[in-house]
Amino acid sequence: MQEQASRLRYVAEKAGQASDGMKKRAAEILNAASRGLPLAQQVHSGKDIRSILMLWLHYNEGGELFAEKVRPTLELLNRFEEVRPQLSKLALHEMSQVYFDHYDRIPDLKFFAGYLKDQFAKQIFSGRDSRLALLALNRDFVFGSEAPVRIVDDVVNRGITLHDALMNIGIPETEGLFRERCTVLYYISNLERLRPGEDSHLFAEILQNKVVNAPYKDGLLIGHAVLNILIGLVIRSGKPMPENWMKIILTIAGDPRVPTMSRNFQSWWRRLDQSYIEHVRGWLSRFDLDLFLRAFEAFANQSGDEDLRRMFPARKRFLEGLFEHGLIGNTRLFIGWHASQFLKNNYDAKELPVYAGLNHKDKSIIYMNVAGFHVIEGSHSAKFWIFDRLPDCSNILNYNVIKFSQSELGTDLDFWYRREFREERYGASYIPIGITHYPNVTWQRKAIQAFEKSGVNLDVEKLLTPEDYRIYKQKYGLTYHS
């Protein structure tokens, strides 16, 4: 018995002023349960019921809850009814707390809820029983079928806070599975009503680890539900993914373009529909370009380099124009030190897509798949490269490789391409091509010609600034305009 009493020390501390007799009885019941004896056969008095309730509410040994090991079954509740047709108010208080604490763990939940509803109907409450009185008044609501769903629907329809709604019907503030279930449904219900890009005060709460990783349903977490909702809303809208929502998605799940066996992909993206993953990859390509251009522009302005500032608008327009054609698929960023510092100073690390490092202090490079062609564009004096294939030795699309030199993305790539494919290149000398960004209009024309000779038709006006487009028409006409 001394060993049993020792095992109950934690329970007694949590339960407060439990009598020595109840502590002793709880130890006996705990011992019987550990030997696999049917618990219903141990219930002979109100003290036995209170002892079991104390164990359900407070006993936790080595991370194992008594309420998980010995659950409130139909047989056990029927035995409670036989022994005490009407529970004391204290026992009723504790029994309702079991319901709120262990909601999703209760195997015969419908029966348990009905049992509680009947017990509350038998009682007469005074003002001193305020919480119990509220539960009695709202018993059909609180202990009815799908109670969390009905509560959240009421909250959303009335425009009140979930906290106030739960308190108004007598549900305690203490954490428990019932309140947790209501909170999850509240988040989901509110998110489903958002317009793409709309901010919500709930995002700050949802992005907490304990919320994102909380169970939702069918083996999914709340984070999975949030991803499905945000991605689905944007897809159905037919609009691009707003950057603020993309940051939320990246914060939860990271970039889906990483290797499929990586931890993040397995934890999050593997559980989503493949079409959703492909949409996010496409949206991230545009995000990559935006980040590349912002870092490029920031360095051009900070460095005071007039050539960089002068060339930026034309290069920005050309790259954005390719996106406007809907031709760009996969992209990848290769970021030098200055651009990396810019991103770190302006974004939370979790809000950024994955990018590789570039062993150059000032330069950055973006890779783009344009209608099946491989385009590599860099800041500063880097060339605009177009390849129809990548040599086998290229690691551009290998996300396990995260460090690159500038030559690996330009001159070395050109060398290995010509060496690997020299037997197949007869009559196609315009590819690969490395175009110097000078002068304006001339370099764009070379790129447009290379694409159109390869069967990729482009709208020239989308690719040039208004001034460059005027000059282009004067110099070349619109021979290649489709």
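Below: a short report on this structure.

Criteria and cut-off values
Residues numbered from 1 in each chain as written. Predicted model: local features only at pLDDT ≥ 70, side-chain atom pairs only at ≥ 80, totals over all residues. Heavy atoms only, no water. Helix = DSSP H or I, 4+ residues; strand = E, 2+ residues; numbered from the N terminus. Contact = heavy atoms within 4.5 Å. Areas by Shrake-Rupley, 256 points an atom, 1.4 Å probe, with all protein chains shown as cover. Lys, Arg positive; Asp, Glu negative; His and termini not counted. Charge placed at Lys NZ, Arg CZ, Asp CG, Glu CD. Buried < 20%, exposed > 50% of the residue type's maximum accessible area, 1.4 Å probe, protein only. Pairing = 2+ DSSP bridges. Phe/Tyr/Trp six-rings, centres within 6.5 Å; stacked < 30°, edge-to-face > 60°. Expected span 1.5 Å × (residues − 1). Salt bridge = Lys/Arg side-chain N within 4 Å of Asp/Glu carboxyl O. Axes fitted to C-alpha atoms, helices over the stretch in contact; angles between N-to-C directions. Parallel < 35°, antiparallel > 145°, perpendicular 65-115°, else oblique. Nonpolar A, V, L, I, M, F, W, Y, C, P; charged D, E, K, R; others polar. Arc of directions from axis to C-beta.

1. Digging into the overall build of the chain
Then comes step 1: Within the chain one finds 25 helices and 9 strands.
Then comes step 2: The principal-axis extent of the C-alpha atoms belonging to the chain is close to 100 × 50 × 40 Å.
Then comes step 3: Contacts spanning at least 24 positions in sequence make up 66% of the contacts within the chain whose residues lie at least 6 apart.
Then comes step 4: Carbon and sulfur atoms provide 48% of the accessible area of the chain, an area that totals close to 23,400 Å².
Then comes step 5: Once the 63 positive and 59 negative side-chain charges of the chain are each reduced to a mean point, those two points are 1 Å apart.

2. Details of the pairing of strand β5 (residues 364–370)
Then comes step 1: Counting buried positions over the 7 residues of β5 gives 6, a clear majority of the element.
Then comes step 2: Judged from the 6 bridges that link them, strand β3 (residues 328–335) and β5 form a sheet pairing that is antiparallel. Its bridge partner being in β5, Thr331 is matched across the sheet by Met368.
Then comes step 3: Linking β5 back to strand β6 (residues 373–378) in an antiparallel pair, the connection comprises 2 residues, with Ala371 at a positive phi of about 55 degrees.

3. Considering the packing of aromatic side chains
Then comes step 1: Applying the stated criterion across every chain, the model contains 24 aromatic pairs.
Then comes step 2: Relative to Trp443, the ring of Phe384 lies with its centre 6.2 Å away and its plane at 45 degrees, an arrangement referred to as tilted. Taken as a pair, Phe384 in strand β7 (residues 384–387) and Trp443 in helix α23 (residues 442–453) lie far apart in primary sequence, 59 residues in all.
Then comes step 3: Of the residues examined, Trp443 reaches a relative accessible area of 1% and is grouped as buried.

4. Quick look at helix α16 (residues 222–237)
Then comes step 1: Between its first and last C-alpha, α16 extends 23 Å over 16 residues, near the 22 Å set by a 1.5 Å rise per residue.
Then comes step 2: Taken across its 16 residues, α16 has 12 buried, putting it largely inside the fold.
Then comes step 3: Check the buried side of α16 and you find it contacts α13 (177–191), α14 (202–206), α15 (209–212), α17 (243–253), α18 (263–267) and α19 (274–303).
Then comes step 4: Just beyond α16, the residue with positive phi is Gly238, at close to 75 degrees.

5. Some thoughts on the pattern of salt bridges
Then comes step 1: A complete count under the given rule lists 21 salt bridges for this structure.
Then comes step 2: Residues Glu82 and Arg79 are paired through a salt bridge, measuring 3.0 Å at the closest nitrogen-oxygen approach. Here Glu82 and its partner Arg79 are both found in helix α6 (residues 74–83), 3 residues apart, which amounts to about one turn of the helix.
Then comes step 3: A relative accessible area of 56% means that Glu82 is categorised as exposed.
Then comes step 4: The closest approach of N and O atoms between Arg286 and Asp290, which form a salt bridge, is 3.3 Å. Here Arg286 pairs with Asp290, and both are found in helix α19, just 4 residues apart, close to one helical turn.
Then comes step 5: Residue classification places Arg286 among the partly exposed positions, given a relative accessible area of 29%.

6. Comments concerning the environment of Ala133
Then comes step 1: Residue placement: Ala133 occurs in helix α9 (residues 130–137).
Then comes step 2: If we ignore the near neighbours within four places in the chain, the residues touching Ala133 are Phe125 and Ser126.

7. Concerning the side chain of Glu320
Then comes step 1: One can find Glu320 in helix α20 (residues 306–324).
Then comes step 2: In this structure, Glu320 is in contact with Arg286, Leu289 and Leu293, ignoring residues within four places of it in sequence.

8. Examining the packing of α23 against helix α25 (residues 466–476)
Then comes step 1: Contact geometry for α23 and α25: axes closest at 10 Å, N-to-C directions at 70 degrees. Viewed along their axes, α23 and α25 adopt a mutual orientation that is roughly perpendicular. Here Thr442, Gln444, Arg445 and Ile448 of α23 lie close against α25, whose contacting residues are Asp468, Tyr472, Lys475 and Tyr476.
Then comes step 2: Among the residues forming the contact of α23 with α25, the class breakdown is 3 nonpolar, 2 polar and 3 charged.

9. Focus on the pairing of β3
Then comes step 1: For β3, a buried count of 6 out of 8 residues is recorded, marking the element as mostly surrounded by other parts of the structure.
Then comes step 2: Taken together, the 2 bridges between β3 and strand β4 (residues 356–358) define a ladder with parallel strand orientation. For Ile335, the partnering residue across the bridge sits in β4 and is Gly357.

10. So, the sheet that holds β6
Then comes step 1: Spatial strand order, β8-β4-β3-β5-β6-β7-β9: 7 strands in an open sheet with mixed pairing. The open sheet terminates on both sides in strands that have one partner only, identified here as β8 (403–404) and β9 (433–435).
Then comes step 2: Across the sheet, α23 touches β5, β6, β7 and β9, and the angle it forms with β7 is around 5 degrees.

11. Some details on unusual backbone geometry
Then comes step 1: The amide bond that connects Tyr438 to the next residue, Pro439, takes the cis arrangement and shows omega of -15 degrees.
Then comes step 2: Among the secondary structure elements, Pro439 is positioned in the loop between β9 and α23.
Then comes step 3: The backbone of Ala371 shows a phi angle near 55 degrees, a positive value even though the residue is not glycine.
Then comes step 4: Tracing the chain through its elements places Ala371 in the loop between β5 and β6.
Then comes step 5: One non-glycine residue, Val441, lies in the positive phi region at around 80 degrees.
Then comes step 6: Within the element layout of this structure, Val441 appears in the loop between β9 and α23.

12. Notes on α6
Then comes step 1: By the burial criterion, the buried members of α6 are Leu76, Leu77, Phe80 and Val83. Seen along its axis, α6 keeps its buried residues to an arc of 120 degrees; they face one direction. Residues Glu75 and Glu82 are exposed on α6 and point more than 90 degrees away from its buried face.
Then comes step 2: Check the buried side of α6 and you find it contacts α4 (46–58), α7 (89–101) and α8 (109–122).

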